Amino acid sequence: MSSTTTSSPRLIVITGASSGIGLATAQKLSALGHPLLLLARRLDRMQALKLPNALCVPLDICDRAAFVAAVASAEAQFGPVDAIINNAGVMLLGEVSTQDPEQWDRMFDVNVKGLLNGVHAVSAGMVARRTGTIINVGSVAGHKAFPNHVAYVGSKFAVHGLTENLREEMSAHNVRVVTIAPGAVETELLGHTTDEGIKTGYHAWKESMGGVVLSADDVAAAICYAYQQPQGVCIREIVLAATRQQA
Ligand code: NDP
């Protein structure tokens, strides 16, 4: 099934393509034949995928001008963007009374403002073409609180709120907007948290589910499912978690 009316798969932008969910999504969408613009800071990781028709650009998504320029380069090579997967994110867990506030800044800069930079880079073109898909990766932590997650939960609630509002705004232009909200996924995400006690607790929480959480491939499959619907069908949100994840 294709989301487009033409036979050739169109350009898709993926942020955070160097690891985890973004990397798995890049592999799946490439296998479906899509040209890709892959964005993350670690260029070597994206190049190592050796995907055909993939422009890999080392980028901090907080750099709005560089983001816009990267999309323009990809469009010059592959034609208009049909979808963006705003996936890049950071999770720096901490107890708010002791956490370095710079970690809050980082999470809101990347998870919220960086994601909005992605929306900015593609939305005007999609509106003009009256087609397109914007998929924002939120979290179960965009629906409910977890211990030591205050700023992260705040950033993900922001993603869910702005995505729903964006969906309403874009619907008049025939542009789909989708929230993907995963529970715990086995990726590098926890690795950037600096508090070792919190990391240990997080691992213990995963073990309480039998050590089996979602894989990055599971989430990539949900993203592809939403994208592969006809343009007239908008899967507004997919919330998915390991069966044994209670919270
Ligand atoms: P990973 O840490 O494996 O991947 C995060 C990706 O984001 C990396 O490719 C990283 O690339 C990129 N990234 C981080 N900061 C920036 C930046 N400033 N500019 C560009 N790219 C950046 O984690 P996941 O795959 O798990 O995370 C993907 C998304 O899924 C995130 O939004 C996360 O919040 C969300 N999520 C994850 C869950 C989980 O349990 N893992 C659960 C729910 C949601 P690089 O370092 O090369 O720049």
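As shown above, the structure is provided for reference.
How would you explain the overall build of the protein chain if you had to name every residue and give the values?
When helices and strands are tallied, the protein chain shows 7 helices and 9 strands. C-alpha extents for the protein chain along the principal axes are approximately 50 × 35 × 35 Å. The long-range share in the protein chain, meaning contacts at least 24 apart out of those at least 6 apart in sequence, stands at 69%. When the 19 positive and 21 negative side-chain charges of the protein chain are each reduced to one mean point, those points stand 7 Å apart.

How would you sum up the state of the cysteines? Please name residues and give values.
Enumeration according to the criterion identifies 0 disulfides in this entry. Considering cysteine sulfurs only, cysteine 224 is the nearest to cysteine 56, which forms no disulfide, with 17 Å between them. You can see cysteine 62 has no disulfide; the closest cysteine sulfur is in cysteine 56, sitting 20 Å from it. Taking the relative accessible area as the measure of exposure, cysteine 62 reaches 31% and is therefore partly exposed.

Describe the packing of helix H4 (residues 101–129) against helix H5 (residues 150–171), and please don't skip the residues or the numbers.
At a minimum axis distance of 9 Å, the contact between H4 and H5 shows a crossing angle of 15°. The orientation of H4 relative to H5 falls into the category roughly parallel. Our pair here, H4 against H5, has a crossing hand that is right-handed. Residue-level inspection shows Trp104, Met107, Phe108, Asn111, Val112, Leu115, Leu116, Val119, Ser123 and Val127 of H4 in contact with H5, the latter providing Ala151, Tyr152, Gly154, Ser155, Lys156, Ala158, Val159, Leu162, Leu166 and Met170. Its residues placed into classes, the contact of H4 with H5 shows 15 nonpolar, 4 polar and 1 charged.

Residue-level account of the site of the ligand, with values.
Near the ligand lie 30 residues; those nearest to it are Ser19, Arg41, Tyr152, Val185 and Thr187. Isoleucine 61 places a main-chain nitrogen or oxygen 3.0 Å from a nitrogen atom of the ligand. Here an oxygen atom of the ligand and a backbone polar atom of valine 185 are 2.7 Å apart. Across the complex, the protein chains shield 97% of the 880 Å² of accessible surface that the ligand would expose by itself. Looking at the shell around the ligand, the elements that each hand over two or more residues are helix H1 (20–31), H4 and H5. Of the residues contributing to the shell around the ligand, the split by class is 14 nonpolar, 10 polar and 6 charged.

Cut-offs used in this document
Throughout this document, residue positions are counted from 1 along each chain, in the order its sequence is written. With pLDDT at 70 or above as the cut-off, local features in this predicted model cover only qualifying residues; side-chain atom pairs require 80 or more to be listed or tallied, and sums for whole chains, interfaces and linings still use all residues. Excluded from the side-chain calculation are hydrogens and water; included are all heavy atoms of the structure. A helix here means a DSSP run of H or I that spans at least four residues, while a strand means a run of E at least two residues long, and both kinds are numbered starting from the N terminus. By the convention used here, residues are in contact when the closest approach between their heavy atoms is within 4.5 Å. Here Asp and Glu are counted as negative and Lys and Arg as positive; His is not counted, and neither are the chain ends. Throughout, a charge is located at the NZ atom of Lys, the CZ atom of Arg, the CG atom of Asp or the CD atom of Glu. Only a pair of cysteine sulfur atoms within 2.5 Å qualifies as a disulfide here. Only protein chains enter the area calculation, which uses a 1.4 Å probe; residues under 20% of their type maximum are buried, those over 50% are exposed, and those in between are partly exposed. Comment: axis = line fitted to C-alpha atoms, over the contacting stretch for helices; angle = value between 0 and 180 degrees taken between N-to-C directions. For classification, angles of less than 35 degrees are called roughly parallel, those exceeding 145 degrees roughly antiparallel, those between 65 and 115 degrees roughly perpendicular, and all remaining angles oblique. The handedness criterion is simple: a crossing whose near helix is rotated anticlockwise from the far helix by less than a right angle is left-handed, and one whose near helix is rotated clockwise is right-handed. Throughout, the ten residues Ala, Val, Leu, Ile, Met, Phe, Trp, Tyr, Cys and Pro are labelled nonpolar, Asp, Glu, Lys and Arg are labelled charged, and all others, Gly among them, are labelled polar. One heavy atom within 4 Å of a molecule or strand makes the whole residue count as near it. Whenever two N or O atoms come within 3.5 Å, that pair is a polar contact, provided that in protein one can donate a hydrogen and the other can accept it, and provided that, for residues adjacent in sequence, both atoms are side-chain atoms. Exposure was quantified through the Shrake-Rupley algorithm and a 1.4 Å probe, taking into account, for residues, occlusion by the shown protein chains and nothing else.

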